[in-house]
Amino acid sequence: MSQASSSEALITMSGVDKWYGDFHALKGVDLEVRRGEKIVLCGPSGSGKSTLIRCINHLETIQKGRIVVDGIALDDSARVVDAVRREVGMVFQSFNLFPHMTVLENCTLAPMRVRKVSPADAKATARKYLEKVRIGEQANKYPAQLSGGQQQRVAIARALCMEPKAMLFDEPTSALDPEMVKEVLDTMIGLAREGMTMVCVTHEMGFARQVADRVVFMADGEILEAAEPETFFKNPQNPRARTFLGEILAHH
Amino acid sequence: MGYTLDFQPVIAGLPDLLKGCAGTLLLAFSGMILSLAIGIGGVAVRGSSVRTARWAVIAFVELIRNTPFLVQIYFVFFALPLVGIRLPPTPTAIIALGLNGGAYAIEIIRGGVQSIHRGQIEAGLALGLPRRDIFRFVVLRPALRAVYPSLTGQFIMLTLTTSIASAIAAYELTSVAKLIENESFRSFEVYGTITLLYLLMSWGIMQAFGLVGRRYFDYPVK
Ligand SMILES: Nc1ncnc2c1ncn2[C@@H]1O[C@H](COP(=O)(O)OP(=O)(O)OP(=O)(O)O)[C@@H](O)[C@H]1O
Ligand SMILES: [Mg+2]
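Residues numbered from 1 in each chain as written. Chains lettered and ligands numbered in written order. Predicted model: local features only at pLDDT ≥ 70, side-chain atom pairs only at ≥ 80, totals over all residues. Heavy atoms only, no water.

Visitor: When you look at the pairing of strand S4 (residues 64-69) of chain A in this model, what are you seeing that I'm missing?
Guide: Looking down a regular strand, the side chains alternate between one sheet face and the other. Residues and elements named next belong to chain A. Inspection of the sheet shows strand S1 (residues 9-20) paired to S4 by 5 bridges, in the antiparallel sense. Residue pairing in the sheet places Thr12 in a bridge with Val68 of S4. Across 2 bridges, S4 lies against strand S5 (residues 72-73) in antiparallel orientation. Residue Val69 lies in a different strand from S5, and its bridge partner there is Ile72. Remark: 2 residues form the turn of the hairpin made by S4 and S5, two consecutive strands paired antiparallel; Asp70 in that turn has positive phi of roughly 50 degrees. (Pairing = 2+ DSSP bridges. Helix = DSSP H or I, 4+ residues; strand = E, 2+ residues; numbered from the N terminus.)

Visitor: Any chance you could explain the environment of A:Ser7 here in plain terms?
Guide: Structurally, A:Ser7 can be placed in the segment before S1. A sequence separation of 26 residues divides A:Ser7 from A:Val33, and the C-alpha atoms of the two residues are 9.2 Å apart.

Visitor: Can you walk me through the side chain of A:Ser47 in this structure?
Guide: Residues and elements named next belong to chain A. Inspection of the secondary structure assignment puts Ser47 in the loop between strand S3 (38-42) and helix H1 (49-56). Looking at Ser47, the relative accessible area reads 1%, which means it is buried. A distance of 2.7 Å separates a polar side-chain atom of Ser47 from the backbone oxygen of Pro44. (Buried < 20%, exposed > 50% of the residue type's maximum accessible area, 1.4 Å probe, protein only. Polar contact = N/O pair within 3.5 Å; in protein donor to acceptor, adjacent residues only side chain to side chain.)

Visitor: What is the right way to look at the nonpolar core in this model?
Guide: Most often, soluble globular proteins keep nonpolar side chains buried together rather than apart. Residue and element names in this part refer to chain A. Core analysis: the largest hydrophobic core is formed by 51 residues, its most contacted members being Ile156, Met167 and Met198. Ranked by residue count, the leading element in this core is helix H6 (residues 178-193), at 8 residues. Once residues lying within four places of it in the same chain are set aside, the contact partners of Met167 are Gly89, Val91, Ile156, Ala159, Leu160, Leu191, Met196, Thr197, Met198 and Val199. (Core = buried A, V, L, I, M, F, W, Y, C linked by side-chain atoms within 4.5 Å. Contact = heavy atoms within 4.5 Å.)

Visitor: Looking at this structure, I do not really get the layout of surface pockets. What am I missing?
Guide: Over the atoms rolls a probe the size of a water molecule, and in doing so it shows where empty space is left. Residue and element names in this part refer to chain B. Approximately 600 Å³ is the volume attributed to the largest pocket. Taken together, 18 residues line the largest pocket, and the ones lying closest to its centre are Ala44, Gly47, Ser48, Arg131 and Phe135. Counting only elements with at least two residues in the lining of the largest pocket, the list comes to helix H2 (14-46), helix H5 (89-114), helix H6 (118-126) and helix H7 (131-161). Here the lining of the largest pocket is built from residues that sort into 8 nonpolar, 4 polar and 6 charged. As a volume, the second largest pocket reaches approximately 340 Å³. (1 Å grid on protein atoms, 1.4 Å probe; cavity = no way out; pocket = protein on both sides within 12 Å on 5 of 7 lines; lining within 4 Å. Points joined across faces, edges and corners; volume = space filled by probe spheres on them. Nonpolar A, V, L, I, M, F, W, Y, C, P; charged D, E, K, R; others polar.)

Visitor: I'm lost on the environment of B:Ala208 in this one. Help?
Guide: Residue and element names in this part refer to chain B. Mapped onto the elements of the fold, Ala208 is located in helix H9 (residues 187-216). Given a relative accessible area of 35%, Ala208 falls into the partly exposed group. Residues Ala208 and Ile106, spaced 102 residues apart in sequence, show a C-alpha to C-alpha distance of 22 Å.

See the structure below:
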């Protein structure tokens, strides 16, 4: 079900090492994400999945290696970091909507402040994306008045309002009640169909099968396997990947 | 042992006492605004990446919180002229009250900022917002909401502290009361009356804060 993606790399990580103090969290990570490509990142707890995607938008700093996003080589300068963050949206497990702003205000703040879009244009864009995640009628509500699934869809819309070139998802459905997982996954599937470049940390293997171009498996800070979903699920090469798949499939 | 109450001087001085109340409220509100500005600005600087600025804020807070207000107000009163700034007592008192209240406000608001979930800041960063925008638009309002009761308490405290400004003869209720007492020797009646007036003002300010808080922080939370 995967779509053709261009051969041009949008995100490149090469030889990335990351330490938290003495703890070696990412070990020589190489990963290339092509424009339009959808990657599902999985692996046991503590393997470094969140760390990896948080390095891409510089929520974490790296000590070795190189990360290039849309032709911009990340360093620690505010100018470069801001440039990368403008092009990369992120969705968190815990939504992180701003509680004191309405849904609409959540969606218009960054475009107005960062992209200097006029309030009217920002609102129009926000309404467009809120419609797209099918939550247009809740625009004037506050986050606390929405269900978890609705909040996460707003968070997706909020990120899209910046018109990013890529979207990072860190376990976007893990904090949701089971009955709300599908509405969020459906939104993400829609986004994938439109050709958005996506890196998703998720254990939703159905989603991976449906949209991923590649499944990347991590353990102990290393990428141990990367393959198309069919190959990965049918015939995982790495023994740790086999164990991992066995465990999560037993849970589902 | 007859102490006969005589409220005649108080009644005669009531217009002056009420003007004194207005003076007190002027000191209090001006002091609060200055405190709030110093509090918010101080917290912003305290969280900045400029180390000397951070230390300056910490030193300021420690200095204010570990010295008596009476000494602070005298210091401002006598130190400003030395650097060529000559101000009447009332503006001097406002500055002293603002500095004092500001130091406490910094500590209170900082607590509020620390109570904000890290994910809020990360969401702001991920959206590309610069740090000062994250402070201003994402963190500040929920932080103030979280500490609003403490802030209200601190500002009631500031209102009562205005009476110390009588030491430099700023125009406020306690100075007015001292004058009436000096002329009439009706200490009990005079101070009894202003006790009541302070109580009423505190209560009024508390109500006002409640009203403002309900408007400004009127968003639902889970
Ligand atoms: N700020 C931090 N300071 C120190 N160690 C950290 C920090 N953040 C993460 N770690 C450690 O780095 C390792 C990788 O963490 P990370 O959150 O990337 O794992 P993960 O694969 O996302 O796990 P999970 O599935 O539980 O979310 C873990 O061992 C974690 O304890
Ligand atoms: Mg994680």
